[in-house]
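# Architecture at a glance
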Amino acid sequence: MATNDFDETQGYTTKDPGKGHKTAIVVLAVGLAAALAGDGYLISKSNHLTNDIASTQSSTQIQLSKLNEATTTLLEQEKQRLDQMAEQLKKDVKGASYSASIAIKRARTEAQKAGEELGSKLTEQQQQVASELSQIKDTTTSKFSEVATDVDGVKANVETVKANVATAQSDIEKTGADLKRAMGDMGVMSGLIATNAKDLDALRTLGERNYFEFDITKKDAAKKVGDVTLTLKKSDPKRNRFTMDVLADDRHVEKRDKTINEPVQLYVSGNLQPYEIVVNQVTKDHVTGYLATPKVKLARR
């Protein structure tokens, strides 16, 4: 049996070359037909796409035309509205100016009227004040006359007091009273000091202070003298010394180991000068003396 050699690269046997040529031609024809069919499809597709683009352009042109028309119409309407607003604004401004002019005229009229009324009231008040000042002047003149009379009377009283003081000093000199001053236990120069009843009478005659005599024993719980309270705590007749408790302004002050005729001083509220306690005699559990207080009360600074 004969064998056919098949050429794998050519796709046909080497034994029948004519038959292989026919097959190749058929294959080429089929490929050409397929290519032509593909080109036709592409040409048809391209034509459809060209028609769609043309249609879209036409539609877009129509829409743009309509949009331009609508925009033009809207702009015209807006321009008309703005023109109307401007015209109305002109009318409003003109009306406001007129109203303002009327208001200004009215305000000027009212201000002028108020000024005239105020001027009238001021004139009346000035007349009233002038009348009152005249009355005050008359009253003041009358009071000055009264004061002058009172001053003359005060001068006369002062002269009388001076004469009385001179007389009292003369009487003190005649009585031979031995009045003196001494440094108090608080370091303040005292007033005139009385060492006995005669001296105390002389001090009362001078009238410079208030004088309250006291006689206190140790048995006494406390004794009210003037506006203070005194309590004798201790007495030493041999040394003429004593210790005393003083209650003033709700405050206790102990005056310890003081001597006779020594001004024992303390400040009491409402007084610039100190109170002075002077003991003239010390015996067993017993002291006598006086309290001197200012006649004029002055507030301490």
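Residues numbered from 1 in each chain as written. Predicted model: local features only at pLDDT ≥ 70, side-chain atom pairs only at ≥ 80, totals over all residues. Heavy atoms only, no water.

### Here we look at the overall build of the protein chain
The number of helices and strands found in the protein chain is two helices and 10 strands. Its helices and strands in sequence order give the protein chain the pattern β-β-α-α-β-β-β-β-β-β-β-β, from N to C terminus. Relative to its full complement of 301 residues, the protein chain shows a buried share of 19%. Of the contacts made within the protein chain by residues no fewer than 6 positions apart, 42% connect residues no fewer than 24 positions apart. Here the protein chain displays about 22,200 Å² of accessible surface, and carbon together with sulfur accounts for 55% of that area. (Helix = DSSP H or I, 4+ residues; strand = E, 2+ residues; numbered from the N terminus. Buried < 20%, exposed > 50% of the residue type's maximum accessible area, 1.4 Å probe, protein only. Contact = heavy atoms within 4.5 Å. Areas by Shrake-Rupley, 256 points an atom, 1.4 Å probe, with all protein chains shown as cover.)

### Focus on the pairing of strand β9 (residues 275-283)
In the sheet, strand β8 (residues 264-266) pairs with β9 via three bridges, with the strands oriented antiparallel. When the sheet's bridge partners are listed, leucine 266 is paired in β9 with tyrosine 275. Pairing between β9 and strand β10 (residues 286-294): seven bridges, direction antiparallel. Bridge pairing in β10 places valine 278 opposite tyrosine 290. (Pairing = 2+ DSSP bridges.)

### Examining the pairing of strand β6 (residues 241-248)
Counting buried positions along β6 gives six out of eight residues, so the element sits mostly inside the fold. Pairing between strand β5 (residues 228-236) and β6: seven bridges, direction antiparallel. The partner of aspartate 236 across the bridge, within β6, is arginine 241. The antiparallel hairpin formed by β5 and β6 contains four residues in its connecting segment, where asparagine 240 sits at a positive phi of about 50°. By the bridge criterion, seven bridges tie β6 to strand β7 (residues 251-259) in an arrangement that is antiparallel. Note that in β7 the partner of valine 246 across the bridge is valine 253.

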